[in-house]
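# A closer look at the structure
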Amino acid sequence: MKTTTAAIGAATAIATLAAALFASPHLALYRMRVAVEARDAQALSAYVDYPSLRESVKVQVMRRLGAQGVLGESGANPFAAFGKAMALAVIDPVVDAAVSPAGVAAMLDSGDIRVQPKQEGSPAPTGEGARDKVNYDLSYRGWGQAVVQRADGGGVAFILDRDGLWSWKLAAVELREE
């Protein structure tokens, strides 16, 4: 009798642990959305890996703008270094604006990258609560990575990386190919 009780207890503990591990990115996404709705930049920042996200956005924007060709040029082209410097000079301020607490909040609020976040004082089109919230789908890429994307398939895909056993951080984005 003791063995069956111990086996049932162990199975219950394992099932509970598995459910908690499965639900942890969903909980992180929920907390990020609550922080966005409350306009709490400090709470949101706890769920964002800014250096990784900044690098990811920079790579995605450069890829979208076709600047990868300029950056991948060999030393044979005398204008390659100039082109690289110009591309980085243009892209860096855009990325810095997008990957800030306000920029990340705007990204999560809309499900897309926005360089100019919505101003605090600007009124909503038909009232504050009239705008529908974006619905997100979450899927796993593996033990340490989850992908969050808009349910309608538009916008960007947000990549959450595991940070410890229970925590997740927004670490990258993937722009849709057009």
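Preceding this section is the structure that the text describes.
Residues numbered from 1 in each chain as written. Predicted model: local features only at pLDDT ≥ 70, side-chain atom pairs only at ≥ 80, totals over all residues. Heavy atoms only, no water.

### Re the pairing of strand E1 (residues 136–142)
Let me state the cut-off plainly: Pairing between strands is defined by DSSP: at least two bridges between the two strands are required. In this text, helices come from DSSP runs of H or I with a minimum length of four residues, and strands from runs of E with a minimum of two, each type numbered from the N-terminal end.
Across six bridges, E1 lies against strand E2 (residues 145–150) in antiparallel orientation. Counted as the bridge partner of Tyr136 is Arg150 from E2. Hairpin connection from E1 to E2: two residues lie between these consecutive antiparallel strands.

### Quick look at the nonpolar core
What counts here: Take the buried residues of types Ala, Val, Leu, Ile, Met, Phe, Trp, Tyr and Cys, join any two whose side-chain atoms come within 4.5 Å, and each joined set is a nonpolar core. Summary of the burial criterion: residues with accessible area below 20% of their type's maximum are buried, those above 50% are exposed, and those between are partly exposed, where the area comes from a 1.4 Å probe applied to protein chains only. Whether two residues are in contact is decided by their heavy atoms, any of which lying within 4.5 Å being enough.
If you look at the biggest cluster of nonpolar residues, it comprises 32 residues, and the most contacted ones within it are Met32, Leu44, Leu53, Val104, Phe158, Leu160 and Leu170. Apart from residues no more than four positions distant in its own chain, Leu170 is found in contact with Met32, Tyr47, Val48, Asp49, Leu53, Val104, Phe158, Ile159 and Leu160.

### Some words on the pairing of E2
Within a regular beta strand, the side chains point alternately toward one face of the sheet and then the other, so they alternate between its two faces. As defined by bridge partners, E2 adjoins strand E3 (residues 156–163) across five bridges and the pair is classed as antiparallel. Of the residues in E3, the one forming a bridge with Ala146 is Leu160. Between the end of E2 and the start of E3, which pair antiparallel, lie five residues, with Gly153 showing a positive phi angle near 85°.

### With respect to the side chain of Ser110
Examined against the element boundaries, Ser110 turns out to sit in helix H6 (residues 101–110). For Ser110, a relative accessible area of 6% gives the class buried.

### Here we look at a nonpolar patch on the surface
The criterion, for reference: Nonpolar side chains (Val, Leu, Ile, Met, Phe, Trp, Tyr) are joined into patches within 5 Å and like charges within 9 Å, using only residues with over 30% relative accessible area and no salt bridge. Computed with a 1.4 Å probe, the accessible areas rest on the Shrake-Rupley method; for each residue, only the protein chains presented here act as cover. Basic side-chain nitrogens of Lys or Arg form a salt bridge, by our definition, when they fall within 4 Å of a carboxyl oxygen of Asp or Glu.
Taken together, Leu17, Trp143, Leu165 and Trp166 make up a surface patch of nonpolar side chains, about 440 Å² in accessible area. Following the sequence through the fold, Trp143 ends up in the loop between E1 and E2. Taking the relative accessible area as the measure of exposure, Trp143 reaches 54% and is therefore exposed.

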